[in-house]
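Summary of structural features
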Amino acid sequence: MKIETDKISLKKFFGTSDHVRWSILIGVTIIFTLLLYPNLVVKKHSYKLGDVAEKNIKATKDFLIEDKDATEANRKEAVGKLLTVYDHDVTLSQAINRNVKKAFNDIRTVFNAEKNQNKIALKPSKTASTGTIATSVHNLLWQNKADFEEKIGISVSDGAYNILEKENFLPNIATLICSILKEILDNGVVTNKELLLKETDNGIILRDISTKKELVVNNLKHFYGLDQAKTMVKVIGQPLLENIDYTLRNMIVDFTQRLVQPNITLNRSETEERKKRAEAEIKPVFHKIKAGEMLLREGERVTKVQLLKLKAYQEGIKNEQILSSSIGSALIILCILMTTYILYIHRQSRTDLTNNKNLLFIASVLVTFFFIARISASFAESVAHYTSF
């Protein structure tokens, strides 16, 4: 008995409750609004560059527009003012000269030690000859040839090594090599001079890799390219080597040319990093448009600036338009449904337990037909789009 009573109460609630009616009304309103959503935005006339304006267009509120071209131009200008960074290894000359002197000093130490030891060992023998000492020293020097090459940093031919042996690896040879090399590297040797000369108009930043100190250099022609530096070895060495034997002079020049290394190199990563920072520091350029300002006049040809203003203006009001149109459409539909309910359905007997059931049926029919109409309209548009007349 109690179960039957509960069923009747539940049926009565769903059949006559105002809460159910309001739920149906609000549900139908929301569905209609969603179906109408694509048409809530009033489509503006789309202008292209050079089109003639059909009517005056004024700004209804203040807004900002970004001038991307001006921003990009400012960024390019900022990047263009940056100087290319080159690293300068001022310690390279000292390092190479130190290696050269050490190689000569070490081999000369071996040479003198072996020679003196042999003299002491052979001194009591009156039959001893200098040829024995020379042979022993010669063998020891050639045993140390690989060590000499490693220390000096270049390969040494057998002919050049013979010349050095004949000259007893004199300190003067190392001194001459170091003097010429120092003058070349102190001037500066760059890996690619053609690339360097492209910066002639602006100059470069020369950064000491040891101290990180930077120097702006505008005169770039005085730096040597690698091939030019090797040619300058002969020019610089000419007055220093004029009184030296021709064979020895050629050997010194050859050694120096092969020891020359670039001590000025392009730091591409640092240059690119500075360009990125310079671009990031440039703020976007904005133009402020005041409410009431004329964006486009009737009969004018649309310019690039006007097109930019129109685009920013339409983007700004788009969201506001959708919100206001949605609310307005929902209220209109709500009023229509409420009027229909009050004028017709509400007049029926309130004791009729099927009242809400009929109301739900009518709402379902309305939604179904509206949905069919929406699909039909979309289908017709698609057919018209792909049909040629």
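Here we summarise the structure given alongside this text. (Residues numbered from 1 in each chain as written. Predicted model: local features only at pLDDT ≥ 70, side-chain atom pairs only at ≥ 80, totals over all residues. Heavy atoms only, no water.)

This part takes up the packing of helix H8 (residues 171–187) against helix H11 (residues 246–259). Following both chains from N to C, one finds H8 and H11 inclined at 45 degrees, their axes separated by 10 Å at the closest point. One element, H8, and the other, H11, form an angle in the oblique class. For the crossing formed where H8 meets H11, the hand is right-handed. Facing H8, whose interface residues are Ile 173, Leu 176, Ile 177, Ile 180 and Leu 181, H11 presents Leu 248, Met 251, Ile 252, Phe 255, Thr 256 and Leu 259. (Axes fitted to C-alpha atoms, helices over the stretch in contact; angles between N-to-C directions. Helix = DSSP H or I, 4+ residues; strand = E, 2+ residues; numbered from the N terminus. Parallel < 35°, antiparallel > 145°, perpendicular 65-115°, else oblique. Left-handed = near helix turned anticlockwise from the far one by under 90°. Contact = heavy atoms within 4.5 Å.)

Taking 1.5 Å of rise per residue, the 17 residues of H8 would be expected to cover 24 Å, and the 25 Å separating its terminal C-alpha atoms lies within 8% of that figure. What H8 keeps buried is the set Ile 173, Ala 174, Leu 176, Ile 177, Cys 178, Ile 180, Leu 181, Ile 184 and Leu 185. Immediately downstream of H8, the backbone of Gly 188 shows phi near 110 degrees, a positive value. (Expected span 1.5 Å × (residues − 1). Buried < 20%, exposed > 50% of the residue type's maximum accessible area, 1.4 Å probe, protein only.)

Tallied over the entire structure, the rule returns 13 salt bridges. One salt bridge in this structure joins Asp 87 and Arg 207, with 3.3 Å as the shortest N-O distance. Here Asp 87 is found in strand S3 (residues 84–88), whereas its partner Arg 207 is found in strand S5 (residues 204–208), with 120 residues between them in sequence. The pair formed by Asp 87 and Arg 207 is uniform in burial state, with each residue classed as buried. (Salt bridge = Lys/Arg side-chain N within 4 Å of Asp/Glu carboxyl O.)

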